[in-house]
Amino acid sequence: MDCGVITSKTVLLLLSLAFWAAAAGLSYVGAYVINTYKSYDNFMQDKYALLPATIIICVAVVMFIIGLIGCCATFRESRVGLGLFLAIILVIFIAEVSAFVLGFVYREKVKTDVQGTMSSVFEKYDGKNTDSTVVDYLQEQLHCCGVKNYSDWTATQWFNSTGNNSVPLSCCRQDMKNCTGRLDQPQELNTRGCAQELESGLQSVISYAMLVILGFAIVKFFGMLSVCVLTCKREDSGYQPLYSGVFA
């Protein structure tokens, strides 16, 4: 076995291992995006916003299978296996490009989606129901108050029914232990609106996912070039494994 064949095998095996590592990384990113969206799903009407993350996880599963095919094709030195390896890499590359485009589209759609639903959720706040729990959790986690700012609470039914000129305690700053939520003490409150904070957080997650997808898509592109070069080199060398026969 000449040096070219050994090099080809080494490159393909490393490429297969890279697919397995990429599958693990994409699975983590996809799960992280889905988990982030689920934490705030009350504010997201468009469930298709999860489509990019779903595609990422599906791609990860297929990539693991591709790595297995790559290893088998390398050990058997099969021209058919290498061709299949190349074809599947191309499909994965197209899927990743699609996920990148969808991520870009939904990154811009997050803003209108959040603003269109958050006001109605805040309006249902009564301090006891499920929507109230979600709102309190959101305000505590994002250190925000109201939709656009803390004064939005003055237009809610809950504020008018209490009559104590205060906002929920979840609006209080964490360093203010004796905060009562009164509007005449704004220095004790988180004054930034939740819409802006949530939009920024979700867009950051999508941007991170898009960068990961783009990086792996570039790897796939060079992987396709590598398989083509290795296959052509094998054919040009006239090397034929003894056990594979003429139709390998």
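S.K.: How do you make sense of the nonpolar core when you look at a structure like this?
M.R.: In summary, soluble globular proteins display a tendency toward joint burial of nonpolar side chains. In this structure, L26, M63, F85, I89, M118, F122 and W153 are the most contacted members of the largest nonpolar core, which totals 58 residues. The set of elements that each furnish at least two residues to this core consists of α1 (3-39), α2 (51-76), α3 (79-123), α4 (130-142), α5 (157-162) and α6 (194-237). Top element by residues in this core is α6. It accounts for 13 residues.

S.K.: What should I look at first to understand the packing of aromatic side chains in this one?
M.R.: A ring pair, where both rings are aromatic, is described by two values, the distance of the centres and the angle of the planes. Applying the stated criterion across every chain yields a total of seven aromatic pairs. Between Y28 and Y32 the ring centres are 6.3 Å apart and the planes differ by 15°, which places this aromatic pair in the stacked class. Taken together, the residues span about one helical turn, with Y28 and Y32 both in helix α1 at a distance of four residues. Note on Y28: relative accessible area 54%, which makes it exposed. Here F122 and W153 contribute two aromatic rings whose centre-to-centre distance is 5.4 Å and whose plane-to-plane angle is 50°, an arrangement assigned as tilted. Note that F122 is positioned in helix α3 and W153 in the loop between α4 and α5, a separation of 31 residues in sequence.

S.K.: Just checking my understanding: could you explain unusual backbone geometry for this structure?
M.R.: Phi is mostly negative for residues that are not glycine, and the peptide bonds are mostly trans. Backbone geometry at H143 places phi at a positive 55°, although glycine is not the residue there. Within the element layout of this structure, H143 appears in the loop between α4 and α5. H143 gets classed as partly exposed once you look at its relative accessible area, which sits at 38%. Despite not being glycine, N165 shows a phi value in the positive range, around 55°.

S.K.: Please clarify how the pattern of salt bridges should be interpreted in this entry.
M.R.: In a structure, side chains of opposite charge can pair up when their charged atoms sit close to one another. In total, this model carries three salt bridges according to the counting rule given. A salt bridge links R173 to D175, with the nearest nitrogen and oxygen atoms 3.0 Å apart. Using a relative accessible area of 31% as the deciding quantity, one classes R173 as partly exposed. Judged by relative accessible area, which is 48%, D175 ranks as partly exposed.

S.K.: In this structure, what is going on with a nonpolar patch on the surface? I would like to understand it.
M.R.: The grouping of L214, I218, F221, F222 and L225 at the surface amounts to a nonpolar patch, some 470 Å² of accessible area in total. For F221, the location among the structural elements is in helix α6.

S.K.: What's the story with the environment of A99 in this structure? I'm lost.
M.R.: Relative to the helices and strands, A99 resides in helix α3. We classify A99 as buried; its relative accessible area is 3%. Residues A99 and I56 lie 43 residues apart in sequence; the distance between their C-alpha atoms is 7.1 Å. With residues near it in sequence (within four places) discarded, A99 still touches P52, I55 and I213.

S.K.: What should I look at first to understand the state of the cysteines in this one?
M.R.: A covalent bond bridging the sulfur atoms of two cysteines is what the word disulfide describes. For the structure shown, the criterion picks out three disulfides. Two residues, C145 and C171, share a disulfide whose sulfurs are 2.1 Å apart. Sign of the S-S torsion, about 80° for the bond between C145 and C171, identifies this disulfide as right-handed. One end of the pair, C145, is in the loop between α4 and α5; the other, C171, is in the loop between α5 and α6, and 26 residues separate them in sequence. Overall, C145 belongs to the buried group, its relative accessible area being 0%. Note that C172 is cross-linked by a disulfide to C179, the S-S spacing being 2.1 Å. The sign of the S-S torsion, about -70°, decides the handedness of the disulfide formed by C172 and C179: left-handed. Considered together, C172 and C179 belong to a single accessibility category, that of buried residues. Disulfides within the chain link the bonded cysteines, taken in sequence order, as 1-6, 2-3, 4-5.

S.K.: Would you mind showing me how to read the side chain of D136 here?
M.R.: Within the fold, D136 resides in helix α4. The buried charged residue D136 lacks any salt bridge partner; its closest oppositely charged side chain belongs to K128, at an N-O distance of 12 Å. When residues no more than four places from it in sequence are discounted, the contact partners of D136 are Y125, P168 and S170.

S.K.: Please clarify how the environment of N164 should be interpreted in this entry.
M.R.: Looking at the element boundaries, N164 is found in the loop between α5 and α6. Take N164: its relative accessible area is 38%, and that puts it in the partly exposed class. For the pair formed by N164 and L183, sequence separation is 19 residues and the distance between their alpha carbons is 9.4 Å.

About the criteria used
Residues numbered from 1 in each chain as written. Predicted model: local features only at pLDDT ≥ 70, side-chain atom pairs only at ≥ 80, totals over all residues. Heavy atoms only, no water. Core = buried A, V, L, I, M, F, W, Y, C linked by side-chain atoms within 4.5 Å. Buried < 20%, exposed > 50% of the residue type's maximum accessible area, 1.4 Å probe, protein only. Helix = DSSP H or I, 4+ residues; strand = E, 2+ residues; numbered from the N terminus. Phe/Tyr/Trp six-rings, centres within 6.5 Å; stacked < 30°, edge-to-face > 60°. Salt bridge = Lys/Arg side-chain N within 4 Å of Asp/Glu carboxyl O. Patch = residues over 30% accessible without salt bridge, like charges linked within 9 Å, V, L, I, M, F, W, Y side chains within 5 Å. Areas by Shrake-Rupley, 256 points an atom, 1.4 Å probe, with all protein chains shown as cover. Contact = heavy atoms within 4.5 Å. Disulfide = S-S within 2.5 Å. Lys, Arg positive; Asp, Glu negative; His and termini not counted.

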